[in-house]
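# Observations on chain architecture
Spelled out from the first residue to the last, the chains are:
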Amino acid sequence: MDSQWLAAFKGKFTGNIVNSNDQFRELIEAYAIGSLDAPERAQLEAHLASGCDDCEKALQEARWLVSQLAYLAPNAEPSDMLKGRLLQTVRAEAAGSAARRQVVGGAGIPSWLWAGVAALLLFSLYSAWIAHKMHDEVAYLQQQAKIEQAERERLEAELGAAKTQAHEAMIWSDPKSKKIMLRPKDPKMPDLEAMWHPDMGLVVRGWKVPSPGEKRMLQLWLIPKAGGKPMPSMTLWPDANGKFSAMVENPPDTMSDTQALAITEEPIGGSPQPTSAPMWVGGVS
Ligand SMILES: [Zn+2]
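What comes next is a walk through the structure. (Residues numbered from 1 in each chain as written. Predicted model: local features only at pLDDT ≥ 70, side-chain atom pairs only at ≥ 80, totals over all residues.)

## Points about the overall build of the protein chain
Within the protein chain, the regular secondary structure consists of six helices and eight strands. When its helices and strands are written in sequence order, the protein chain yields α-α-α-α-α-α-β-β-β-β-β-β-β-β. For the protein chain, with 285 residues in total, the buried portion stands at 21%. Relative to all contacts within the protein chain whose residues are 6 or more apart in sequence, the contacts with residues 24 or more apart total 63%. (Helix = DSSP H or I, 4+ residues; strand = E, 2+ residues; numbered from the N terminus. Buried ≥ 20, exposed ≤ 12 C-beta atoms within 10 Å, placed from the backbone. Contact = placed C-beta atoms within 7 Å.)

Shown next, in the form of structure tokens:
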């Protein structure tokens, strides 16, 4: 910590004061804490009034630093080791610079210098706090972005479901749709209903259909007139109430080439050809 202080101290006072060509610049800190004598103060004020931007900027910075010292009061006293090192540094600077003002008196480091060091420490703490706060804000923004993304996906899914429902409703109610009754092989099973629209697709609906179990699902087949193999179509599950409504937008064959619709029970994922006898069959044309 001490070496950081020292580096900051050197950077500030060496860079801003000692290397400055402006003789008034080095008085600014002392002026800001009111430690200049009357003639010096008058000279500096005249210089400021003449419109020196560098000194004006330095004065604002110094006043800000000084204003922060109120918060540091109990811990502003630096360690003996730091005092020793600062003293060495300041003496070296004083010896190397004939132009230096009497910032360092015979009694040692003036109080405003400790105030400056304390303000620098405060400034480094403040910077660390800002960095930490920004880190938190970035994390917060990233979390917000995730929430918004999830919300957008949810809305898109809802929109997709609403579109499907609207599409099914159009097929179901359009007069061009052909109604197909699917009769069960097992008389204890309910009838299913299908509506096939020549352009919009095919909807199959069921009510009070028993669950095929966790490892099975129902699958729709189109039985072609030409006598070929059943053509696989969508898979479907009844909900907890035994209800389902499922749509095929593009059936694998046309209505006029299809003899019948059939539904079998198949393993999860469906099958390329039926693995069991049809549970429901309905004539198409
Ligand atoms: Zn100036």
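That shown, we press on.
## What to know about the nonpolar core
Counting residues in each nonpolar core, the largest one holds 22 residues, and the members touching the most others are Leu182, Ala194, Leu261 and Ile263. Of all the secondary-structure elements, those providing two or more residues to this core are strand 1 (178-184), strand 2 (192-197), strand 3 (201-206), strand 4 (216-224) and strand 7 (258-267). The element that contributes the greatest number of residues to this core is strand 4, accounting for six residues. In contact with Leu261, other than residues within four places in its own chain, are Ile180, Leu182, Ala194, Leu220, Leu222, Gly282 and Val284. Ala62, Trp112, Leu113 and Ala115 belong to the second largest nonpolar core, which has 19 residues in total. (Core = buried A, V, L, I, M, F, W, Y, C linked by C-beta atoms within 7 Å.)

## Considering the pairing of strand 8 (residues 280-283)
On any regular strand, side chains alternate: one points to one face of the sheet, the next to the other face. Across the two faces of strand 8 the burial differs, with Trp280 and Gly282 buried and Val281 and Gly283 not buried at all. As paired strands, strand 1 and strand 8 are joined by two bridges and run antiparallel to one another. Directly across from Arg183, in strand 8, lies its bridge partner Val281. Here strand 7 runs beside strand 8; their pairing, made up of four bridges, is antiparallel. Bridging across to strand 8, Ala262 finds its partner in Val281. (Pairing = 2+ DSSP bridges.)

## Thoughts on helix 3 (residues 38-49)
Its 12 residues give helix 3 an end-to-end C-alpha distance of 16 Å, which sits within 8% of 16 Å, the value for a rise of 1.5 Å per residue. Downstream of helix 3 by a residue or two, Gly51 has a phi angle that is positive, lying close to 95°. (Expected span 1.5 Å × (residues − 1).)

## Here we look at the sheet that holds strand 8
Backbone hydrogen bonds are what pair the strands of a sheet, in a parallel or an antiparallel way. With antiparallel pairing, eight strands are arranged side by side in an open sheet as 5-4-7-8-1-2-3-6. Sheet topology places strand 5 (231-236) and strand 6 (244-248) at the edges, where each strand pairs with a single neighbour. Taking each pair of neighbouring strands and ignoring which way they run, the sheet shows an average axis angle of 20°. Contacts between helix 6 (residues 111-173) and the sheet are confined to strand 2, strand 3 and strand 6, with strand 6 contributing the most and set at about 85° to the helix. (Axes fitted to C-alpha atoms, helices over the stretch in contact; angles between N-to-C directions.)

## Focus: unusual backbone geometry
Despite not being glycine, Lys208 has its phi angle at roughly 55°, a positive value. Secondary-structure assignment places Lys208 in the loop between strand 3 and strand 4. What makes Lys208 exposed here is the crowd of 11 C-beta atoms within 10 Å.

## Structural notes on helix 6
Over its 63 residues, helix 6 extends 91 Å from the first C-alpha to the last, a length consistent with the 93 Å expected when each residue adds 1.5 Å. Every buried residue of helix 6 is accounted for by Trp112, Leu113, Ala115, Gly116, Val117, Ala118, Ala119, Leu121, Glu168 and Ile171.

## Some details on the pairing of strand 4
With seven of its nine residues buried, strand 4 lies for the most part within the structure. For strand 4 and strand 7, the ladder comprises nine bridges, and the chain directions are antiparallel. The partner of Arg216 across the bridge, within strand 7, is Pro267. Where strand 4 lies against strand 5, four bridges are found, and the strand directions are antiparallel. Looking at strand 5, one finds that Trp221 is bridged to Pro232. Between strand 4 and strand 5, which pair antiparallel and follow one another directly, the connecting turn spans six residues, one of which, Gly227, has a positive phi of 90°.

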